[in-house]
Amino acid sequence: MNRTLCFCDAFDPFRISGTVSLVVHVRELKLTTNTAQFVREMLPDNSHFDVRGHVEGALDMGAVVARPGTPLFLYPHEGAVTLTPEFAKTLPGPYHLIVPDGSWQQARKVYDREAALKAVPCVALPEGLVGEYRLRQARFPHWVSTYEAVAHALGVLEGEETKERLMALFRVFVQRVWKSRHDFHGRD
């Protein structure tokens with residue numbers, strides 16, 4: 001990317017009261033459009049980055065689930081509870097949001113294959129969200145990127161200001177990468 005379009009200046013790391021564990025599929029690591037990496041940069045003291053899908057050495061999901069806080073698995077599985085401020089108030093102590101990162105199929109496999117997640121409640125984002133990530137094609141408008149999902153979830157769990165701080169970076173990232181791609185190829 002052209003240095004004039006770098007978005008490093010938009011990073012503004014901060015702390016939250018809970019913890020976020022990103023369970024990233026190994027194939028996502030090589031994609032320039034992967035957004036999970038930005039969560040750990042914005043929340044360096046409150047996030048973990050766990051890689052799943054290596055040929056050698058499986059991820060110990062039990063250790064991920066055991067991190068401090070009330071574990072919640074962010075995935076719209078059948079029976080998932082919608083994240084609302086009322087639901088957030090029922091959580092005993094800090095939360096531990098576990099977020100799969102990868103394709104929808106890869107994310108579903110995390111829940112289906114990991115026995116340690118069976119006792120963890122699934123939570124879903126509120127309805128009506130529209131993704132702002134135009135760098136990668138989603139099948140449906142309400143399918144959001146991992147970063148957007150974390151921002152919206154933390155908007156409920158932490159408050160709207162947290163969501164807006166996270167989304168400010170995301171919007172700069174999308175706008176500058178979009179511009180770099182279209183300036184390079186001479187498109188609007």
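For the structure itself, consult the block above.
These numbers come from a predicted model, not from an experiment.

Caption draft 1: Structural context of the sheet that holds strand 4 (residues 81–82). Spatial strand order, 2-1-5-3-6-4: 6 strands in an open sheet with parallel pairing. Both edges of this open sheet fall to strand 2 (47–52) and strand 4, since each of them pairs with a single strand only. When strand 4 meets strand 6 (residues 122–124), the two strands line up parallel, connected through 2 bridges. Within the sheet, the bridge partner assigned to threonine 82 lies in strand 6 and is alanine 124. Most of the contacts of helix 5 (residues 146–157) go to strand 5 (residues 95–101), to which it runs at about 160°, and overall it touches strand 1 (19–25), strand 3 (70–74) and strand 5.

Caption draft 2: Geometry of the nonpolar core. In terms of nonpolar packing, the biggest core is built from 37 residues, with Val20, Leu97, Leu154 and Leu157 touching the most fellow members. Mapped by element, the contributors of at least two residues to this core are strand 1, helix 1 (36–42), strand 3, helix 3 (85–89), strand 5, helix 5 and helix 6 (160–185). Among the elements that line this core, the one with the most residues is helix 5, at 8 residues. Discounting residues that sit within four places of it in the chain, valine 20 has contacts with Val39, Leu43, Asn46, Ser47, His48, Leu97, Val99, Val150 and Leu154. Core analysis: the next-biggest nonpolar cluster, separate from the first, contains 13 residues, Val23, Met61, Tyr75 and Ala107 among them.

Caption draft 3: Highlighting helix 4 (residues 104–113). All of the buried residues in helix 4 are Gln106, Ala107, Val110 and Tyr111. An end-on view of helix 4 places all buried positions within 140° of arc, on one side of the element.

Caption draft 4: Region of interest: the pattern of salt bridges. Inspection of every chain in the model, using the stated rule, returns 7 salt bridges. Close ionic contact of aspartate 50 with arginine 67 constitutes a salt bridge, the shortest N to O distance being 2.7 Å. In this pair, aspartate 50 sits in strand 2 while arginine 67 sits in the loop between helix 2 (61–65) and strand 3, placing the two residues 17 residues apart along the sequence. Aspartate 50 sits in the buried class, given a relative accessible area of 10%. Relative accessible area serves as the criterion here: at 18%, arginine 67 is assigned to the buried category. Glutamate 160 is paired through a salt bridge with lysine 163; the nearest N and O atoms lie 3.0 Å apart. Residue glutamate 160 and its partner lysine 163 are located together in helix 6, separated by 3 residues, close to a single helical turn. Using a relative accessible area of 15% as the deciding quantity, one classes lysine 163 as buried. In this structure, a network of salt bridges that share partners links the residues Glu160, Lys163, Glu164 and Arg171.

Parameters and conventions
- Note on numbering: residues in each chain are counted from 1, in written sequence order.
- At least 70 in pLDDT is required for a residue's local features to be given in this predicted model, at least 80 for side-chain atom pairs to be given and counted, and no such filter applies to totals for whole chains, interfaces and linings, which use all residues.
- Note: side-chain values were computed over all heavy atoms of the structure, leaving out hydrogens and water.
- Strand pairing follows a simple DSSP-based rule, namely that at least 2 bridges must link the two strands.
- Secondary structure elements follow DSSP: runs of H or I of four or more residues count as helices, runs of E of two or more count as strands, with numbering from the N terminus.
- Only heavy atoms matter for contacts: two residues are in contact if any of them lie within 4.5 Å across the pair.
- To get an axis, fit a line to the C-alpha atoms, keeping to the stretch in contact for a helix; angles then go from 0 to 180 degrees between the N-to-C directions.
- Each nonpolar core is a collection of buried residues, namely Ala, Val, Leu, Ile, Met, Phe, Trp, Tyr and Cys, held together in the definition by side-chain atoms within 4.5 Å.
- Summary of the burial criterion: residues with accessible area below 20% of their type's maximum are buried, those above 50% are exposed, and those between are partly exposed, where the area comes from a 1.4 Å probe applied to protein chains only.
- When we speak of the arc, we mean the arc of directions from the helix axis to the C-beta atoms.
- Every case where a carboxyl oxygen of Asp or Glu lies within 4 Å of a side-chain nitrogen of Lys or Arg is listed as a salt bridge.

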